[in-house]
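The residues making up each chain are set out below.
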Amino acid sequence: MNAYNILVVEDEKEIAEAVEIYLLNQGYNVFKAFNGMEGLKVLENEEIHLAIVDIMMPVMDGITFTMKARENHNFPIIMLSAKSEEVDKIMGLNIGADDYVTKPFKPLELLARVNSQLRRYTKYMNIQKASSTEVEAVNENIYTIGGLELNADTKEVSVDGNPVRLTPIEFKILGLLIKNPGRVFPAEEIYERVWNEAAINTDTVMVHVRNIREKIELDPKNPRYLKVVWGVGYKIEKI
């Protein structure tokens, strides 16, 4: 991909225009929408590689937009939230957002998050595209624990034969854990190995792990696979 298409969904026009200027200066193509409904219409007509989405908007808020976008799209979503929207921010991560930036934010911080998410997404898509051309899957890249299976080549996850749809970040976290069954990973280590940057706030890891459990566990409150070792970290249980 030479030029990435970024969708900015923000009802405050001054913020949307400022973000657009910074992104254009970085060489990105920018599409703007001023509520979630307009954002969904853009998705119908354009190939989007990343979305920056405000939480509080009229007509359709960012939470609803993210939930609907995740029905058909896996591109990274960065949420913009005010400090007073902590609960909404966590909800956004739960339903498929990949990262968040708190208002007021520094433009360089937002650009760093955008660049980081696009690097991971591009790598994920390139691997997925390459693996789709293979005639046969490489068995050593298929990891199985009980009824849980992760295929590192095709980027597919299933539980008891039923496909499970994970975001790229969720797939990387699960991949790290399932490749090392029984080993407990502290949240800081998970963050650094998945995000490839120093761990500053590990709340994101906690939310993504909770989201994975909702998808792979029959009873998330009594998980069979993804366990919490209180005060230490997370692991995939050996079965």
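Look up: the structure comes first, before these words.
Residues numbered from 1 in each chain as written. Predicted model: local features only at pLDDT ≥ 70, side-chain atom pairs only at ≥ 80, totals over all residues. Heavy atoms only, no water.

## Here's the deal with the sheet that holds strand β7 (residues 148–151)
With antiparallel pairing, four strands are arranged side by side in an open sheet as β6-β7-β8-β9. Strands at the two margins of the open sheet, each flanked by one partner only, are β6 (142–145) and β9 (162–164). Recorded for the sheet is a direction-independent mean angle of 25° between the axes of neighbouring strands. Examined bridge by bridge, strand β8 (residues 156–159) and β9 share three bridges and lie antiparallel to one another. Directly across from V159, in β9, lies its bridge partner N162. Set on the sheet, helix α6 (residues 168–178) makes contact with β6, β7 and β8; between it and β7 the angle comes to about 110°. (Pairing = 2+ DSSP bridges. Helix = DSSP H or I, 4+ residues; strand = E, 2+ residues; numbered from the N terminus. Axes fitted to C-alpha atoms, helices over the stretch in contact; angles between N-to-C directions. Contact = heavy atoms within 4.5 Å.)

## Some details on the nonpolar core
Counting 29 residues, the largest nonpolar core has L148, I173, L174, I190, I216 and I236 as its most contacted members. For this core, the secondary-structure elements that each account for two or more residues are β7, β8, α6, α7 (187–195), α8 (203–216) and β11 (233–236). Counting residues in hydrophobic clusters, the runner-up holds 23 residues, among them L7, V9, V42 and I77. (Core = buried A, V, L, I, M, F, W, Y, C linked by side-chain atoms within 4.5 Å. Buried < 20%, exposed > 50% of the residue type's maximum accessible area, 1.4 Å probe, protein only.)

## What to know about the pattern of salt bridges
Scanning all chains against the criterion turns up twelve salt bridges. The salt bridge partner of R113 is D99, with a shortest N-O separation of 3.0 Å. Taken together, the positions of R113 in helix α5 (residues 107–132) and D99 in strand β5 (residues 99–103) put the pair 14 residues apart, joining distant regions of the chain. A relative accessible area of 21% means that R113 is categorised as partly exposed. Judged by its relative accessible area of 7%, D99 is buried. Where E170 meets K215, a salt bridge forms, and the shortest distance between an N and an O atom there is 2.8 Å. (Salt bridge = Lys/Arg side-chain N within 4 Å of Asp/Glu carboxyl O.)

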